[in-house]
Amino acid sequence: MSVPRRMAQAFSLHDEDGMTTVGMVVSLLLALSMIFSSAQVYRIQSVSSRVQSVADAGALAAGNVVAEFMVAVRVCDSVALSLSLTSLTSTGLGVVACCVPGGQGVGAKLLEAGARVADARDSFSKTASEGLTRVQKALPFLAAASAASVAQGNGSNGSDYTALALLVPDSAEDIRVPQEDARAKQAREDAIGQAEEVKELARRAEEAALRAQDAKQRAFDHDCGARPGWCMAERAETLAHMTGAQNPVYSSVDAWSFSVALRRAQAYYPARLAVERPDDGSVQAQAQSALRKRFYTYAAKEVARGYVREGDSFEALFPRLPANTAQMRGTELFVQAVYPVSVTDASPILHAWDGCPKAAGSTSRASLHDMEAGAWETCSECGFTAASLGKVAAASTSIGNGFEHHYEQVALAAEEYQKALEEGAPAKREAKSRVSKLLDQLRDACSSAGSFRIDADPPGGKGVVCLAVNTGPDAPDKGFESAFVQASGQLGCRVAISAATLVADPSGEGRSVIASLTDGLASDSALAGVLGAAAGVWSGALSAYADGQSALDAAVREGLGACLW
């Protein structure tokens, strides 16, 4: 049976000219169905994939619990380490303070503080390790609770999340702090045990140093410190017309040295000899001037032998000049055969100089020693005797307006200064030797401070795994109803797994969260002296915490090394 042609054309989607209206409608319906079907599939996949984000968040939350625990461990570790270093540093600074004038009281307190800080470190470390161990045991539960809380907090619009976090490893050994290195304990005990002996040595050295300083101050005053009053500088300017580099003046004893006075004396006598003139034309005045020239010539030669050597030790020679006739007899002035001799009635007469009227025609020379050894007469014109030459030095040495008086005082002070330094040197060397040995012990002990640390390898130290489940009754078409796609029933259980691990904090330039706790302390200008040095070393130690034990050791070594005298 054949279908009528008219009926066949009615069901055709095409005609001879192209698409029919019915064909267009059917195509549109098919396209819309495919679009909404694809959108529905995307929605279902999107809803299902949310569980992965929850699993990631749960893993990070569980890892954060472990990370926060490690921050607490690092804080406790930094405190324990800084207390160890502070104990050793305070002990070292206490030893040094025992050698500082007026610092013995502070030194005793620092030594006591060093021992107390060590005890506090032991107590803190024990308490901290016990507390951290208890928290460490709870980490698996705390991490699981944190992950579950995050998962639950993400539930909404029909989603119901549950998460389970597992730490890797899931357990760890208890946190224990090792015993302190024996070197540190021995160093503290030695420092405390030798403190009194160091104090006594320092006291003796300081007393000698004070005597030396007093002698130097007196010498400075007699050389130029008393100017414009009488002193070597003022007398040299007034009597020998010395100025400039030959006659320098210092305003402070700290800038002055004994060599300044010696050089001034060495320049004075040649200059004084050059300007020497008789007071008048009388025979007596001319005789006295001639004797003064004789004395100045001798003094210039004697003072030229002097020297001052300063450095690790002090050694000086200020040649002493005769201050009276008796002392003059012990010098070459007494035996020099340079005085003219005349003979009257078979008795020789010694004259002060060739210009004496009674010395005319003399043909021989003799000394004062020769005169006093025989039956000699005294010249009636110049009256020359040993006392005549002795009075030249006596007059200028006995009173303050004489250059020799101040030179003599400087020479005496130089002897006292050298003697005081020599007496104090053994005590100073012994004190320095003991302090150096004690500080060496403390420096070595600092290198062992790294053994007394609080460290942990907690559960989750390697990482954490989180399993998240969404059991919420989400409908496939919920929020996306469409007449093109019919959906019924609920989405099934959706599961995702994630993992996380701890990584080192890139703190930058070797600094960590621990170091930031004490930023700025090392530069606190309010702390000064020995206590300020202790605080500076402690701050430097913590600031270098992230750089490792070598940096910490270097910080303490530098602090202790700066204290050596």
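Reading the values: rules and limits
Residues numbered from 1 in each chain as written. Predicted model: local features only at pLDDT ≥ 70, side-chain atom pairs only at ≥ 80, totals over all residues. Heavy atoms only, no water. Buried < 20%, exposed > 50% of the residue type's maximum accessible area, 1.4 Å probe, protein only. Helix = DSSP H or I, 4+ residues; strand = E, 2+ residues; numbered from the N terminus. Pairing = 2+ DSSP bridges. Contact = heavy atoms within 4.5 Å. Polar contact = N/O pair within 3.5 Å; in protein donor to acceptor, adjacent residues only side chain to side chain. Salt bridge = Lys/Arg side-chain N within 4 Å of Asp/Glu carboxyl O.

**Side note on the pairing of strand 5 (residues 314-317)**
- Taking every second residue as pointing to the same face, the buried face of strand 5 carries Phe314 and Ala316, while none of Glu315 and Leu317 on the other face is buried.
- Note that strand 4 (residues 307-310) and strand 5 share four bridges and pair antiparallel. When the sheet's bridge partners are listed, Val308 is paired in strand 5 with Ala316.
- Here strand 4 folds back onto strand 5, and the loop between the two strands holds three residues.

**Thoughts on the environment of Val469**
- Following the sequence through the fold, Val469 ends up in strand 10 (residues 463-470).
- Relative accessible area serves as the criterion here: at 18%, Val469 is assigned to the buried category.
- Val469 sits 310 residues away from Ser159 along the chain, and the two C-alpha atoms are 9.8 Å apart.
- Once you skip the residues sitting within four places of it in the chain, Val469 turns out to touch Val51, Asp160, Tyr161, Thr162, Cys493, Arg494 and Val495.

**Comments concerning the side chain of Arg264**
- On the secondary structure map, Arg264 appears in helix 6 (residues 258-275).
- Separated by 2.8 Å, the side chains of Arg264 and Asp223 make a polar contact.
- Once residues lying within four places of it in the same chain are set aside, the contact partners of Arg264 are Asp223, Cys224, Met232, Ala233, Met242, Gln246, Asn247 and Pro248.

**A word on the pattern of salt bridges**
- For the structure shown, the criterion picks out 21 salt bridges.
- Asp455 is the salt-bridge partner of Arg74, the closest N and O atoms lying 3.4 Å from each other. Placement of the pair is Arg74 in helix 2 (residues 21-97) and Asp455 in the loop between helix 11 (403-447) and strand 10, with a sequence separation of 381 residues.
- With relative accessibility at 49%, the residue Asp455 sits in the partly exposed group.
- Among the ionic pairs, Asp122 bridges to Arg121, the shortest N-O distance being 2.8 Å.
- Residue classification places Asp122 among the partly exposed residues on the basis of a relative accessible area of 35%.
- Bridged by salt links that share partners, the residues Glu200, Arg203 and Glu207 form one connected network.

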